Amino acid sequence: MTATRWSPTDSAYQARLLRAHEDLRSHAELRGGRDLIREPVLASWRRSLAALPADTLPAGAVLEGDELAAARQEHLFSAVLPLLRSRLIEPAVEAGLMVALGDARGRLLWVEGRPHLISRADDMGFAVGADWSESAMGTSAPALALTTSSSMQVVGAEHFHEAVHPWSCSAVPVLHPHTGATLGVLDVTGTAEAVSPLVLPLLEATARAVQDELRAMLPLRPAADAPHGRRPRILPRSPALPVRVELLLTGRHTPLLRQGARSIELSGRHAELLTLLHLSPDGISGGELAEQLHGSVAGEGTVRAEVVRLRKVLAGVPELEIASRPYRLLGPVDSDLLRARAALDRGDLDGALTQAMGELLPASEAPALRRLRRLTNAHLRELVLEIGTSAQLWQYAQRPETQDDLEVLMAILSLAPADAPERSAAVARARVLRGETA
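In what follows, the accompanying structure is described. (Residues numbered from 1 in each chain as written. Predicted model: local features only at pLDDT ≥ 70, side-chain atom pairs only at ≥ 80, totals over all residues. Heavy atoms only, no water.)

## Observations concerning the overall build of the protein
Along its length, the protein carries 17 helices and eleven strands. Of all 438 residues assigned to the protein, the portion counted as buried reaches 48%. Accessible area for the protein stands at about 20,900 Å²; split by element, carbon and sulfur atoms hold 52% of it. (Helix = DSSP H or I, 4+ residues; strand = E, 2+ residues; numbered from the N terminus. Buried < 20%, exposed > 50% of the residue type's maximum accessible area, 1.4 Å probe, protein only. Areas by Shrake-Rupley, 256 points an atom, 1.4 Å probe, with all protein chains shown as cover.)

## As for the sheet that holds strand β7 (residues 256–259)
As summarised here, the arrangement of the four strands in space is β8-β7-β6-β11, forming an open sheet in which the pairing is mixed. The sheet is open, and its two borders are formed by β8 (262–265) and β11 (334–335), each paired with just one other strand. The pairing of strand β6 (residues 245–248) with β11 spans two bridges and is parallel. Pairing of glutamate 246 across the sheet is with aspartate 334, part of β11. (Pairing = 2+ DSSP bridges.)

## Describing the pattern of salt bridges
For side chains of opposite charge, pairing can occur when their charged atoms come near one another. Evaluation of the coordinates by the stated rule reveals 17 salt bridges. Between arginine 47 and glutamate 134 there is a salt bridge, with the nearest N and O atoms lying 2.6 Å from each other. A residue pair is termed long-range when its members are at least 10 positions apart, and arginine 47 in helix α2 (residues 39–51) and glutamate 134 in helix α6 (residues 134–137) qualify at 87 residues. Looking at arginine 47, the relative accessible area reads 36%, which means it is partly exposed. The residue aspartate 212 makes a salt bridge to arginine 215 at a minimum N-O spacing of 2.8 Å. With aspartate 212 and arginine 215 both in helix α8 (residues 199–217) and three residues apart, this pair spans about one turn of that helix. Under the relative-accessibility criterion, aspartate 212 is labelled partly exposed at 38%. When its relative accessible area of 40% is taken as the criterion, arginine 215 is described as partly exposed. The network of salt bridges with common partners includes Glu213, Glu246, Arg258, Asp334 and Arg339. (Salt bridge = Lys/Arg side-chain N within 4 Å of Asp/Glu carboxyl O.)

## Overview of the side chain of aspartate 103
Relative to the helices and strands, aspartate 103 resides in strand β1 (residues 98–103). Taking relative accessible area as the criterion, aspartate 103 reaches 5% and is therefore assigned buried. Looking at aspartate 103, its side chain comes within polar contact range of the main-chain nitrogen of arginine 105, at 3.0 Å. At a separation of 2.7 Å, a polar atom in the side chain of aspartate 103 contacts the side chain of arginine 107. In contact with aspartate 103, not counting residues within four places along its chain, are His75, Leu109, Leu146, Leu183, Gly184 and Val185. (Polar contact = N/O pair within 3.5 Å; in protein donor to acceptor, adjacent residues only side chain to side chain. Contact = heavy atoms within 4.5 Å.)

## Some words on the sheet that holds strand β4 (residues 168–175)
What the five strands build is an open sheet, ordered β2-β1-β5-β4-β3; its pairing is antiparallel. Of all the strands in the sheet, the pair left with one neighbour each is β2 (108–112) and β3 (152–155). Taken over all neighbouring pairs, the strand axes of this sheet differ in orientation by 15° on average, direction set aside. Pairing of β1 with β2 involves four bridges; the strand directions are antiparallel. Counterpart to valine 99 in the pairing with β2 is glutamate 112. Of the strands in this sheet, β3, β4 and β5 (182–190) are in contact with α8, which crosses β4 at around 20°. (Axes fitted to C-alpha atoms, helices over the stretch in contact; angles between N-to-C directions.)

## Observations concerning the packing of helix α14 (residues 367–387) against helix α15 (residues 390–397)
α15 packs onto α14 with a crossing angle of 150° between their chain directions and a minimal axis gap of 9 Å. As far as their axial angle goes, α15 and α14 are roughly antiparallel. Considering how the two elements wind past one another, α14 and α15 form a crossing that is left-handed. In this structure, α14 contributes Asn377, Leu380, Arg381, Val384, Leu385 and Ile387 to the contact, and α15 contributes Gln392, Leu393 and Tyr396. Classifying every residue of the contact of α14 with α15 by side-chain character gives six nonpolar, two polar and one charged. (Parallel < 35°, antiparallel > 145°, perpendicular 65-115°, else oblique. Left-handed = near helix turned anticlockwise from the far one by under 90°. Nonpolar A, V, L, I, M, F, W, Y, C, P; charged D, E, K, R; others polar.)

## Points about the nonpolar core
One finds Phe77, Leu84, Leu101, Leu186, Val188, Leu203 and Val210 to be the most contacted residues of the largest nonpolar core, which totals 33 residues. Looking at this core, the element that brings in the most residues is α8, giving eight residues. Other than its neighbours up to four places away in sequence, leucine 84 contacts Phe77, Ile89, Leu101, Leu186, Thr206 and Val210. Membership of the second largest hydrophobic core comes to 32 residues, among which are Leu273, Val303, Ala366 and Leu369. (Core = buried A, V, L, I, M, F, W, Y, C linked by side-chain atoms within 4.5 Å.)

## Quick look at unusual backbone geometry
For the peptide bond that leads from arginine 325 to proline 326, omega is 0°, which places it in the cis range. One non-glycine residue, serine 149, lies in the positive phi region at around 55°. Considering the arrangement of structural elements, one finds serine 149 in the loop between α7 (141–148) and β3. Although it is not a glycine, leucine 361 sits at a positive phi angle of roughly 35°. Within the secondary structure, leucine 361 sits in the loop between α13 (349–355) and α14. Owing to a relative accessible area of 5%, leucine 361 belongs among the buried residues under this scheme.

## A word on the layout of surface pockets
Looking at the second largest pocket, its volume works out to about 350 Å³. Every residue lining the second largest pocket is counted, 16 residues in all, and those nearest its centre are Leu81, Pro82, Arg85, Leu256 and Glu265. Listed by contribution, the elements that provide at least two residues to the lining of the second largest pocket are α4 (81–94) and β8. Per-element tally for the lining of the second largest pocket: the top contributor is α4, with five residues. Along the lines of polarity and charge, the residues of the lining of the second largest pocket split into five nonpolar, six polar and five charged. (1 Å grid on protein atoms, 1.4 Å probe; cavity = no way out; pocket = protein on both sides within 12 Å on 5 of 7 lines; lining within 4 Å. Points joined across faces, edges and corners; volume = space filled by probe spheres on them.)

Right under this line is the structure:
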């Protein structure tokens, strides 16, 4: 019987791994290793054995202080942190796991999780600024993802260093949308839950969303002097071609106005104003804005004062300004809301789920935005129930507004194969909603 016949979490497989580690310490070789260890892990062990001692962890971080801050600022992950937080970090941390974002060299630029987990992980060197490349730490999911350019999971004693054996991890590489070069790695670390069947799909979907966001932010322009047949180069935009301005309004505690790598956090009222102006390209009067925001034209004076404050916020975005009589936005602006509505109109469910990360301005009580939120929610729900696969339905079921939607769970159960991970998860949630015990 070979290791490939078992799940990596299987206790017999883990026991064989521990015996293989004894071989490493005693003989510096893996006798019968091919029959003991999953092939990608075995190959990594061999590389690690040639480069590292089996029982010594590297000391300290390789990036600290100003050097760490500079590495974060320069990395493209900094431009998509809001997406990473909403799609990956927040749900993973809520589930009791840790998330690490590393660069292409394996250096951990961000590590987030609950304080007690961060403290425990720090004891094994899994911390902000640490180098978790294969050459520094041996076998781990982030190291293997970077080495193989593939999604990877490493469980317990599959790790090269004994200090990491209590942990499990899943990781995926993130590629540059234009060049295909590896930008970095997304990692989820924790107990065996970190390698559950749902974790890799979450990481892979997040990596695709990051690449889509970066594709929109980074223009691809051919170099005029490049020889024929050479790969195109990524060039800075010319001053005549401004960086796109966009509003990120769905599924966010804090809406954003983003221009390239720079993001401006918007207050609830400023986000409401910008959304209504964005949806009224021909302009809107102060009275109409007051009615849509406050439910009465009597609030027009308040709207005027709010617009004055919003203009100050927009002072740092020269491509965008607010004209008067009627109020209207001057300058091109895109939004996840318009992209989601366009995807819904053409029946593109994947596009709608990717663009609408949640409800439109979920905290807003403005009458016009509450109506638009209800309409958008209803349209998305109808489409997902009509044409969604079991995986798309489960993706939709993760949204806060659908946690108690039993009809969606029943649709998953009617479509999902018996061995699909979303099926067992849907069964468990449906039982809770019905007040049943396992």
